[in-house]
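Here are the chains, one letter per residue:
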Amino acid sequence: MDPSARDRAEDSTALRDRLEDQQDAAVQAERASQLAEEVTEQDARKRLISVFEDVGLRGRALDVANWLSVVAGIWVLITAVSVIGDGFGLATGGEAENLFDFASNPLIALMIGLAGTALTQSSSTTTSITVGMVAGGLPLHIAIPILMGANLGTTMTNTLVSLGMIRDKDAFRRGFAVATVHDFFNLLAVFIILPLELMTGFLRRASEAVTAPMASADGSWLASGFEAVGDGIGFVKDPGADAIVFGTSLLPELWQGIALIVVGIALIMLVINFIGKMLKVLMVGQAQKVLHNAIGRGPVSGVTSGALMTVMVQSSSTTTALTVPLAGSGHFGLKQLYPFTVGANIGTTMTALIAAFAFTGAEGQLALQAALIHLFFSLSALVLIFCIPGLRNLPPMAAQTLADLSAERKIYAAVWTLGVFVVLPLSLISVSVML
């Protein structure tokens, strides 16, 4: 055989061997990834054990008990929001606007929502409390920035999750970028939409246009239907709310109102965590399937699945936190996970909408209007930012830049996490109160 031909044959054989090795490595990596996902799901299921399993329930009886507990949790949520509304009305004596004069500055109200959510690690808690306070007399012009701030505060959870990768520079860079893209998206949303709302009132007008027919006295089917729903929910939640009010009735009016607010907030914090845990027990498998099947299939699929998964587990913090380890492992990139976090903003508005049905009549209209403002804010952010290429690319660019800096010098991550979510809002609120 000609030496040159023999050399070419040997080169061809070597190239074929390398390609086969690469294919084998790719197959092994894919199998390892699938195994890791199966192990992760099995571990998640082991950690998420229903309280009813401890008493011996299994199979269908366990599923029924779990779902009934979720329904009971929603009842407690609606009852607690109603109690907060009653307590806020008693505590303020109809002077809520004067008492919250320090928060009339939209920036301070925004910081209240941010700090409240960062401290409770639950935007659902903040928005539910705000809905109850609106029904109790909190002016909408103060409530709107608080609701926007809740969206900002909820992003702290996934930022904290990314700090767990800080020893691995590359994994931390990828995870921190995905964690903070949610921060920058919501910051940009507030930066654009809050001034627009202050100038035009478009969120207030849009929500009022939807809720006004529901509270009209013209006997329309929409008003009648809304009233019937409100009466039905009131029939269920009134006994519990009335019992709590009666239990505090010996206190002076001011202290009774304060006591009702404290009890309502405590119940909301407990029940939000409980509902979230039970829904994770019930939906962890389906939620993870939504996550893995939708990511990487385009922005529409990502946004939709992010919203759907957040509704399923009732926690945007949980939804977005799940994306951080996926990014850190290199399994998915920032571009693929970005739409998913945007969808989480929309899904998290469901809790406030449920809470709004704790009230009827004029109070119900105001509560529902506040909940719809939260929904319309998230939808407006999706349309104005995510659907405009020039704006859509800003959050991932900013997140990647911050992640690159933080990977080299960890102080940037610490300053960002503590400064934005804790030091800045609490400092501004303290100065406003003192002044």
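Before reading further, recall that the structure is shown in the block above.
First, a word on what this report is: a plain description of the structure on this page. Each residue is numbered by its place in its chain's sequence as written, counting from 1. Where local features are concerned, this predicted model is filtered to residues with pLDDT of at least 70; where side-chain atom pairs are given and counted, the filter is 80 or more; whole-chain, interface and lining totals use all residues. The basis for every side-chain value is the complete set of non-hydrogen atoms in the structure, without hydrogens or water.

1. Details of the overall build of the protein chain
The cut-off we apply is this: Counting from the N terminus, the helices are the DSSP runs of H or I reaching at least four residues and the strands are the DSSP runs of E reaching at least two. The buried label goes to any residue with under 20% of its type's maximum accessible area, the exposed label to any with over 50%, and the partly exposed label to all in between, with areas taken from a 1.4 Å probe on protein chains only. Between two residues, a contact is recorded if the distance between any of their heavy atoms is within 4.5 Å. In this description, accessible areas are obtained by the Shrake-Rupley approach with a 1.4 Å probe, and a residue is regarded as covered only by the protein chains that are shown.
Looking only at helices and strands, the protein chain has 19 helices and zero strands in total. Taking all 435 residues of the protein chain together, the buried fraction comes to 47%. Intrachain contacts of the protein chain at a sequence separation of at least 6 include 80% that bridge at least 24 residues. About 20,600 Å² of surface is accessible on the protein chain, with carbon and sulfur atoms providing 65% of the total.

2. Topic: the nonpolar core
Rules: We define the nonpolar core as a collection of buried residues of types Ala, Val, Leu, Ile, Met, Phe, Trp, Tyr and Cys that are connected through side-chain atoms lying within 4.5 Å of one another.
Of all hydrophobic cores here, the largest spans 88 residues; its most connected members are Leu138, Met148 and Ile268. Residue contributions to this core peak at 14 residues, all from helix H8 (residues 169-200). Dropping the residues within four chain positions of it, Met148 is found in contact with Leu110, Val190, Ile193, Leu194, Leu203 and Phe377.

3. What about helix H13 (residues 316-328)?
Rule in force here: Helix span, as expected, comes to 1.5 Å for every residue beyond the first.
The first and last C-alpha atoms of H13 sit 19 Å apart over 13 residues, in line with the 18 Å expected at 1.5 Å per residue. Within H13, eleven of the 13 residues are buried, which leaves it mostly tucked inside the rest of the structure. Restricting attention to buried positions, one finds in H13 the residues Ser316, Ser317, Thr318, Thr319, Thr320, Ala321, Thr323, Val324, Leu326, Ala327 and Gly328. Just beyond H13, the residue with positive phi is Gly330, at close to 85°.

4. Comments concerning the environment of Ala118
Tracing the sequence through the fold places Ala118 in helix H4 (residues 106-120). Residue Ala118 is classed as buried on the basis of its relative accessible area, which comes to 8%. For the pair Ala118 and Phe421, spaced 303 residues apart in sequence, the C-alpha to C-alpha distance is 6.2 Å. Those residues within four positions of Ala118 in sequence are excluded, and the remaining contacts are Gly153, Met156 and Phe421.

5. Details of the packing of aromatic side chains
How we decide: Pairing of aromatic side chains requires ring centres within 6.5 Å, counting the rings of Phe and Tyr and the six-membered ring of Trp. Pairs whose planes differ by under 30 degrees are stacked, by over 60 edge-to-face, and all others tilted. Lysine and arginine charges are scored as sitting over a ring when NZ or CZ, respectively, is within 6 Å of the ring centre and within 35 degrees of the ring normal.
A full pass over the atoms with the stated rule returns four aromatic pairs. One aromatic cluster in this structure is built from Phe185, Tyr338 and Phe386. The ring of Phe386 carries Arg392 above its face, with NZ or CZ at 5.9 Å from the centroid.

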